[in-house]
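Residue-level structure breakdown
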Amino acid sequence: MGRWLLLAGLLIIGGSLIGVWRGWLDVPPRWNPWAPLDVQATPNWLTGYKLMRLRSDPLLCEQALGSSGLRVSPQADSPDAKCPLKGALRVQGGGVGLSSSFLASCPLAVAFAMFERHTLQPAAQQAYGQTVARVDHLGSFACRNVYNRQNGALSRHASADALDIAGFRLADGRAISVLKDWPKQNQDAQFLRQVRDGACEAFSVVLSPDYNAAHRNHFHVDVGRWSVCR
């Protein structure tokens, strides 16, 4: 009896998914695995899947980007033999300011918008009762190997899929630095850890000073195919 109940349940779930996919069942977009990601909507258990789909579907990523509120400008494709760029964007800001604009793949831009809206600003409001006015970063695109080694795999920076975040400036002008504040035992250090942990919901890889000494002064965030949060 138990086996038949399980089979019946699986058939119902499978039929429902097919119905949603075919458009026979009408469900809200945020609960539809195949609907475009809405950056403004509260994340749910489907958000990670929708973010993952953006890596292989430029049109879907473009639709998600349209809901992000980011100011971006398309960049000309680069035919560089070692580090070609296709469909790259220059991110100029949005709900939060930037220390400077940065190059990003579409999936990275969407992930950054998700991070800013659903992790960074809520954490700042909780810790300080105010918003983050600016994100300070060390850059995104760089045609180089991992850790600048002469040989080895290309870094995610080489495809504009990664960003190095050095710190944040609050609305009242106060600066929070990964390098200076991470080692402390205070509110600023707790805020940085909360931001690091929350960033793992938007980015597939988040590396902090806890990872190794090379990241002592920044959070490395990227949208690669591996999943690491440390």
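The written sequence of each chain sets the order in which its residues are numbered from 1. A pLDDT threshold of at least 70 governs which residues receive local features in this predicted model, and a stricter bar of 80 or more applies before side-chain atom pairs are shown or counted, although totals over entire chains, interfaces and linings include all residues. Derived side-chain values reflect all non-hydrogen atoms in the structure, with water molecules and hydrogen atoms excluded from consideration.

An unreviewed UniProt entry lists the protein chain under the name Extensin, with Pseudomonas glycinae given as the organism.

So, on to the overall build of the protein chain. Comment: elements are numbered from the N terminus, with helices defined as DSSP H or I runs of at least four residues and strands as E runs of at least two. Summing up its helical and strand segments, the protein chain has six helices and ten strands in all. Any two residues whose heavy atoms approach within 4.5 Å are treated as being in contact. Long-range contacts, defined here as pairs at least 24 residues apart, represent 53% of the contacts in the protein chain between residues at least 6 apart. Only the protein chains shown count as cover for residues, and the accessible areas themselves come from Shrake-Rupley with a 1.4 Å probe. For the protein chain, the exposed surface amounts to about 12,500 Å²; the carbon and sulfur share of it is 55%.

The bulk of non-glycine residues show a negative phi, and the bulk of peptide bonds are trans. Within the chain, Asn-148 stands out as a residue other than glycine whose phi angle is a positive 60°. For each residue, the accessible area found with a 1.4 Å probe, counting protein chains only, is set against the maximum for its type, and the residue is called buried under 20%, exposed over 50%, and partly exposed in between. Taking the relative accessible area as the measure of exposure, Asn-148 reaches 57% and is therefore exposed. The phi angle at Ala-160 is positive, at roughly 60°, despite the residue not being glycine.

For helix H3 (residues 58–66), the full list of buried residues reads Leu-60, Cys-61, Ala-64 and Leu-65. One side of H3 holds all its buried residues, which, seen down the axis, span an arc of 140°. Exposed side of H3, more than 90 degrees from the buried face: Leu-59, Glu-62 and Gly-66 are the residues found there. Turning to H3, the residues buried within the fold contact helix H2 (47–53), strand E1 (71–74), strand E2 (89–93) and helix H4 (106–128). The arc in question is the one spanned by the directions pointing from the helix axis to the C-beta atoms.

With that settled, consider the packing of aromatic side chains. Two measures describe an aromatic ring pair: the distance that separates the ring centres and the angle between the ring planes. Pairing of aromatic side chains requires ring centres within 6.5 Å, counting the rings of Phe and Tyr and the six-membered ring of Trp. Pairs whose planes differ by under 30 degrees are stacked, by over 60 edge-to-face, and all others tilted. Applying the stated rule across the entire model yields seven aromatic pairs. Seen from their ring centres, Trp-31 and Trp-45 are 6.5 Å apart, and the 40° between their planes marks the pair as tilted. Of this pair, Trp-31 sits in the loop between helix H1 (2–22) and H2 while Trp-45 sits in the loop between H1 and H2, and the two are 14 residues apart along the sequence. With relative accessibility at 66%, the residue Trp-45 sits in the exposed group. Pairing Trp-182 with Phe-219 gives two aromatic rings, centres 5.6 Å apart and planes at 80°, and the pair type is edge-to-face. Residue Trp-182 is located in the loop between helix H5 (178–181) and helix H6 (187–199), and its partner Phe-219 is located in strand E9 (residues 219–222); the two are separated by 37 residues in the primary sequence. We classify Phe-219 as buried; its relative accessible area is 2%. One aromatic cluster is present, formed by Phe-102, Phe-112, Phe-115 and Phe-203 through successive ring pairs.

Okay, the environment of Arg-55 next. With respect to the helices, strands and loops of the structure, Arg-55 is situated in the loop between H2 and H3. For the pair Arg-55 and Ser-105, spaced 50 residues apart in sequence, the C-alpha separation works out to 9.1 Å. Two N or O atoms form a polar contact when they lie within 3.5 Å of each other; inside protein one atom must be a possible hydrogen donor and the other a possible acceptor, and for residues adjacent in sequence the pair counts only when both atoms belong to side chains. Only 3.4 Å separates the side chain of Arg-55 from the backbone oxygen of Gly-224, close enough to count as a polar contact.

Any two side chains of opposite charge can pair, on the condition that their charged atoms come close. Put simply, a salt bridge is a Lys or Arg side-chain nitrogen that is within 4 Å of an Asp or Glu carboxyl oxygen. Evaluated as defined, the whole model comprises six salt bridges. Across the pair Asp-188 and Arg-174 runs a salt bridge whose closest N-O atoms are separated by 2.8 Å. With Asp-188 in helix H6 and Arg-174 in the loop between strand E6 (162–170) and strand E7 (175–177), the pair connects residues that are 14 residues apart, well separated along the chain. We classify Asp-188 as buried; its relative accessible area is 6%. You can call Arg-174 partly exposed: its relative accessible area is 37%. For Lys-184, the salt bridge identified is with Asp-181, shortest N-O distance 3.0 Å. The buried category is assigned to Asp-181, whose relative accessible area is 5%.

Quick look at the nonpolar core now. Where a protein is soluble and globular, its nonpolar side chains tend to be buried together. For our purposes a nonpolar core is just a set of buried Ala, Val, Leu, Ile, Met, Phe, Trp, Tyr and Cys residues, chained together by side-chain atoms within 4.5 Å. Ranked by internal contacts, the top residues of the largest apolar core, which has 48 residues, are Val-110, Phe-112, Phe-115, Phe-168, Phe-191 and Phe-203. Elements supplying a minimum of two residues to this core: H3, E2, strand E4 (102–104), H4, strand E5 (132–139), E6, H6 and E9. When residues in this core are grouped by element, the largest group, 14 residues, is from H4. Leaving out residues up to four positions away in the same chain, Val-110 has contacts with Leu-37, Val-39, Leu-51, Leu-54, Cys-61, Ala-64 and Leu-65.

The next thing to look at is the confidence of the model for the protein chain. Known as pLDDT, the predictor's confidence for each residue is given on a scale from 0 to 100. When pLDDT is averaged across the protein chain, the result is 90; 89% of the residues are at 70 or more. Residue range residues 4–22 is modelled with pLDDT below 50. Its contacts to residues more than four positions away, or to other chains, number eleven contacts.

Note on pairing: two strands pair once DSSP finds at least 2 bridges between them. One ladder, built from two bridges, connects strand E3 (residues 97–98) with E5; its direction is parallel. Within the sheet, the bridge partner assigned to Gly-97 lies in E5 and is Arg-134. In this structure, E5 lies alongside E6, joined through six bridges in antiparallel fashion. Among the inter-strand pairings, Arg-134 is bridged to a residue of E6, identified as Arg-169.

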